[in-house]
Amino acid sequence: MPIFSKKPKYIDSDGKPVYKPGGIPKLVPVIILAVLVLVLASSCFTVVSAGHTGVVSTFGKVSEDVLQEGFHIKMPWQQVTKMDNRIVKLEVSTEAFSSDLQTVNVNLAVNYRVDTSKSYSIVKNVGTNYESVLMTPAVNEVMKSIMAQYTAEQSITNRNVISTALLDELNEKLADSGIYVSDINIIDFDFSDVYVQAIEAKQVAEQEKLRAKIEQDQLTMEKEAEAARRVIDAEAAAEVARIEAEAAAYAGEKEAVANEKIAASLTLPLIEYYKIQHWDGKLPTVSGADTIIRMDGITGEAPAATPAPAGE
């Protein structure tokens, strides 16, 4: 049996049917119907991935009932817009002016996410290009406002303060839109070449000033140490002189006491005894009848002859 059933146009001389060109096979309508059924069936459900929500629109009207993750049945004429509610990183480069009118190019990394309960509001009021419509302009505006409060030099030293202020003001500005900023990182501050050269010159001058101060402080310390050493040496010399004077005085006192004791122990008989012990047995040579022999020289000194006084 032939797959396609067609009415032959005529029978040729050999008895074979000749069909009319352009005939439609019987299975073509069946295939078309099956395709239509599959298309219709696929338009009656939707799958929302993890970390996403589905915003349903019926003939252009946005429903506040947001589809959560999973499988959902819908009408074929309903359209579902998938919204990513995970944390998304947005990099923004903006140009701002500091309070001292210096041009500052700032590179930022902003982490944000869309509130699941506000997904329908964003689709309804902004659309799916909310990043370029809401996020980027808000970051630029708030960054310019904050940078105008600091000088170029302060913006470098207060990077964390600026990041915190930017985070708070962005959340305050975007709260009604359903966008929450979780973190902000300032990647880089870039200044004009003239300002960079001025900063380098200032740093060199400060380093030279610091080096001169260190050298001056070191010289002052050396002088103070030398003066202190001299004071210590003078005090040590004075202490040595005092100790030596006290020692000399103590030695003198001991010697005086010893002499007193010796003087107290010398009696006249003892002195005469010592004279006799040291006499060598020789009498002094005298001349004259009136000469008096003295025993003073017996101790070893040459005896002297003393003339007798006249008139005796």
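Up top you'll find the structure we're talking about.
Rules of the game
Residues numbered from 1 in each chain as written. Predicted model: local features only at pLDDT ≥ 70, side-chain atom pairs only at ≥ 80, totals over all residues. Heavy atoms only, no water. Axes fitted to C-alpha atoms, helices over the stretch in contact; angles between N-to-C directions. Helix = DSSP H or I, 4+ residues; strand = E, 2+ residues; numbered from the N terminus. Parallel < 35°, antiparallel > 145°, perpendicular 65-115°, else oblique. Left-handed = near helix turned anticlockwise from the far one by under 90°. Contact = heavy atoms within 4.5 Å. Nonpolar A, V, L, I, M, F, W, Y, C, P; charged D, E, K, R; others polar. Pairing = 2+ DSSP bridges. Salt bridge = Lys/Arg side-chain N within 4 Å of Asp/Glu carboxyl O. Expected span 1.5 Å × (residues − 1). Buried < 20%, exposed > 50% of the residue type's maximum accessible area, 1.4 Å probe, protein only. Arc of directions from axis to C-beta.

Q: Is there a simple way to think about the packing of helix H3 (residues 130-147) against helix H5 (residues 159-174) in this case?
A: Packed helix pairs are characterised by how far apart their axes lie and by the angle those axes make with each other. Where H3 meets H5, the closest approach of the two axes is 10 Å, and the angle between their N-to-C directions is 135°. The angle between the axes of H3 and H5 places the two elements in the oblique class. Relative to H5, the crossing made by H3 is right-handed. Residues Leu134, Met135, Ala138, Val139, Glu141, Val142, Met143, Ile146 and Met147 of H3 pack against Ile162, Ala165, Leu166, Glu169, Leu170, Lys173 and Leu174 of H5. Of the residues in the contact of H3 with H5, the class split is 13 nonpolar, no polar and three charged.

Q: Help me understand the sheet that holds strand S8 (residues 88-97), please; the structure alone is not making it clear to me.
A: What links the strands of a sheet is backbone hydrogen bonding, and the strands pair in either a parallel or an antiparallel sense. Across the sheet, three strands lie side by side as S8-S9-S10; this open sheet has antiparallel pairing. Two strands close off the open sheet at either side, each with one partner strand: S8 and strand S10 (179-191). Each neighbouring strand pair of the sheet contributes to a mean axis angle of 25°, computed without reference to strand direction. As judged from the 11 bridges shared by strand S9 (residues 103-114) and S10, these two strands associate in the antiparallel manner. Note on S10: the bridge partner recorded for Val114 is Ile179. Where H3 meets the sheet, its contacts fall on S8, S9 and S10, and the angle it forms with S8 comes to roughly 40°. Against the sheet, H5 contacts S9 and S10, and its axis sits at roughly 140° relative to S10.

Q: Is there a simple way to explain the pattern of salt bridges in this structure?
A: When the charged atoms of two side chains with opposite charge come close together, those side chains can pair. Per the counting criterion, the structure on display carries 11 salt bridges. Glu208 is the partner of Arg211 in a salt bridge, and the nearest nitrogen-oxygen pair spans 2.8 Å. Taken together, the positions of Arg211 and Glu208, both in helix H6 (residues 193-265) and three residues apart, correspond to about one turn of that helix. It is possible to trace a salt-bridge network through shared partners that takes in Glu226, Arg229, Arg230 and Asp233.

Q: What should I look at first to understand the sheet that holds strand S4 (residues 52-58) in this one?
A: Within the open sheet, the three strands sit side by side as S5-S4-S7. Their pairing is antiparallel. Either end of the sheet is taken by a strand with one partner, and the two such strands are strand S5 (61-67) and strand S7 (78-84). In this sheet, neighbouring strand axes are inclined to one another by 30° on average, regardless of whether the strands run parallel or antiparallel. In this sheet, S5 lies alongside S4 in antiparallel orientation, the contact comprising four bridges. What sits directly across from Thr58, in S5, is Lys61.

Q: Got a minute to help me understand the side chain of Ser163 in this structure?
A: As for its placement among the helices and strands, Ser163 is situated in helix H5. Contacts of Ser163, omitting those with residues within four sequence positions, involve Ile184 and Ile186.

Q: Explain H5 here, please?
A: Working note: α-helix, 3.6 residues per turn, so residues spaced by three or four point in the same direction. In this model H5 runs 22 Å from its N-terminal to its C-terminal C-alpha over 16 residues, within 8% of the 22 Å that 1.5 Å per residue would give. By the burial criterion, the buried members of H5 are Ile162, Ser163, Leu166, Leu170, Asn171 and Leu174. Down the axis, H5 shows its buried residues gathered within 160° of arc, on one side only. On its buried face, H5 sits against S9, H3, helix H4 (152-157) and S10.

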